[in-house]
Amino acid sequence: GQNIDQPTEMTATEGAIVQINCTYQTSGFNGLFWYQQHAGEAPTFLSYNVLDGLEEKGRFSSFLSRSKGYSYLLLKELQMKDSASYLCAVRDNAGNMLTFGGGTRLMVKP
Amino acid sequence: DAGVIQSPRHEVTEMGQEVTLRCKPISGHNSLFWYRQTMMRGLELLIYFNNNVPIDDSGMPEDRFSAKMPNASFSTLKIQPSEPRDSAVYFCASSSSDGGRETQYFGPGTRLLVL
């Protein structure tokens, strides 16, 4: 079976750094995705990791450890517009199906 | 590119009525996904098509739900009869099947309320 865990909610201050963790237990692994979803909108792609290590893209970075079944999304220089839900998703085989975690609702406060 | 197109954007109906949701994937994408999202259950995959063929429908909740993809540019998700517990946001997403970094692109969703 598939099991993907993320914290339900997090709060951080504008300008700070926040790390959102994701752990997964899946029958196979072929990539991990992070999506951002603002309230009332569709999920949008943020990052992709398939090898161990850190992928950096501007203020956002994503890390993967396949041996630990662990990933995190790091958001730097937080802005109010970063308030959203962040979804971790695992692709578990050579196909295109993704299994999503429940999402982490991030609230950025002034 | 117009992105994934879904219609209607909002639907309010009464219990027992038939509901049909529509999706046009991004041109050139050969994989299409239907998801349902609720506060309680999060984002759930209902069914997945590859080259217009249903590959995995294990997420379809029951026989009241059916999905079709008659051609590469159109898919429907039908609920008949609808029930209040079907109230949710239904997303359609598409991707190429090249794997790798290729991600799924989501449509704006259909917000369904069954009274």
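The structure contained in this document is the topic of the report that follows. (Residues numbered from 1 in each chain as written. Chains lettered and ligands numbered in written order. Predicted model: local features only at pLDDT ≥ 70, side-chain atom pairs only at ≥ 80, totals over all residues. Heavy atoms only, no water.)

### What about the interface of chain B and chain A?
Often the size quoted for an interface is simply the accessible area lost on bringing the parts together. Rules: Contacts were defined at the residue level, with two residues in contact if any of their heavy atoms lie within 4.5 Å. Two parts placed together each lose some accessible area under a 1.4 Å probe, and the buried area is that loss summed for both. Any carboxyl oxygen of Asp or Glu within 4 Å of a side-chain nitrogen of Lys or Arg constitutes a salt bridge here. Between N or O atoms, a polar contact is any pair within 3.5 Å; within protein, one atom must be a potential hydrogen donor and the other a potential acceptor, and residues adjacent in sequence are included only when both atoms are from side chains. Going along the chain from the N terminus, every DSSP run of H or I of four or more residues is numbered as a helix, and every run of E of two or more is numbered as a strand.
Taken together, the contact between chain B and chain A spans 22 residues of the former and 17 residues of the latter. Contact with chain A buries area across many residues of chain B, yet Leu-43, Arg-101 and Phe-106 of chain B alone supply 30% of it, more than any other trio. On inspection of chain B and its partner chain A, the count reaches zero salt bridges. Viewed at the interface, chain A and chain B are joined by four residue pairs in polar contact (both at pLDDT 80 or more). When residues of the side of chain B that touches chain A are assigned to their parent elements, the largest contribution, four residues, is made by strand E4 (residues 31–38) of chain B.

### As for the pattern of salt bridges
Residue and element names in this part refer to chain B. Convention followed: Categorising residues by exposure relies on relative accessible area from a 1.4 Å probe, with only protein chains included: less than 20% of the type maximum marks a residue as buried, more than 50% marks it as exposed, and the intermediate range marks it as partly exposed.
One pass over the full model with this rule turns up twelve salt bridges over all chains. For the salt bridge of Glu-62 with Arg-64, the shortest nitrogen-to-oxygen distance reads 2.9 Å. Between Glu-62 and Arg-85 there is a salt bridge whose closest N-O contact spans 3.2 Å. Remark: Arg-85 occurs in the loop between strand E8 (74–79) and strand E9 (88–95) and Glu-62 occurs in the loop between strand E6 (53–56) and strand E7 (65–71); sequence separation between them is 23 residues. Its relative accessible area of 27% is what places Glu-62 among the partly exposed residues. One salt-bridge network, held together by shared partners, links Glu-62, Arg-64, Glu-83, Arg-85 and Asp-86.

### Section: the state of the cysteines
What counts is decided by this rule: For this text, the term disulfide refers to a pair of cysteine sulfurs within 2.5 Å.
Considering all chains together, one arrives at two disulfides over all chains under this definition. Bridging Cys-22 of chain A to Cys-88 of chain A, the disulfide has an S-S length of 2.0 Å. Here the S-S torsion is close to -70°, and the disulfide linking Cys-22 of chain A with Cys-88 of chain A is therefore left-handed. With a gap of 66 residues between them, Cys-22 of chain A in strand E3 (residues 18–25) and Cys-88 of chain A in strand E9 (residues 84–91) connect regions that are remote in the sequence. Per residue, the accessibility class of Cys-22 of chain A equals that of Cys-88 of chain A, and both read buried. The residue that forms a disulfide with Cys-23 of chain B is Cys-92 of chain B, at a sulfur-sulfur distance of 1.9 Å. Between Cys-23 of chain B and Cys-92 of chain B the disulfide shows an S-S torsion of about -70°. By sign, it is left-handed.

### A look at the environment of Phe-49 of chain B
All names here are of chain B. Looking at the element boundaries, Phe-49 is found in strand E5 (residues 42–50). In the structure, Phe-49 is positioned 65 residues away from Val-114 in sequence and 26 Å away in space, judged by C-alpha atoms. Residues contacting Phe-49, with those up to four places away along its chain left out, are Asn-30, Ser-31, Leu-32, Trp-34, Pro-54, Ile-55, Ala-67, Lys-68, Met-69 and Ser-75.

### Topic: the sheet that holds E7 of chain B
Residues and elements named next belong to chain B. Worth spelling out the cut-off: Strand pairing requires that DSSP identify at least two bridges connecting the strands. Think of each axis as a best-fit line through the C-alpha atoms, taken over the contacting stretch in the case of a helix, with angles from 0 to 180 degrees between the N-to-C directions.
As summarised here, the arrangement of the four strands in space is E1-E3-E8-E7, forming an open sheet in which the pairing is antiparallel. Every other strand in the sheet has two partners, leaving strand E1 (5–7) and E7 as the edge strands with one partner each. On average, each strand axis in the sheet is tilted by 15° relative to the strand beside it, whichever way the strands run. Note that strand E3 (residues 19–24) and E8 share five bridges and pair antiparallel. When the bridges of E8 are listed, Val-19 appears paired with Ile-79.

### Remarks on the packing of aromatic side chains
Each pair of aromatic rings is reported with the distance of its centres and the angle of its planes. Residue and element names in this part refer to chain A. Convention followed: Aromatic pairs are defined between Phe, Tyr and Trp rings, using the six-membered ring for Trp, whenever the two ring centres lie within 6.5 Å; interplanar angles under 30 degrees are classed as stacked, those over 60 as edge-to-face, and all others as tilted.
By the definition in use, this model includes 16 aromatic pairs over all chains. Relative to Phe-29, the ring of Tyr-24 lies with its centre 5.1 Å away and its plane at 15°, an arrangement referred to as stacked. What makes Phe-29 partly exposed here is its relative accessible area of 25%. Here the aromatic rings of Tyr-35 and Phe-100 are separated by 5.5 Å at their centres, their planes lie at 55°, and the arrangement is tilted.

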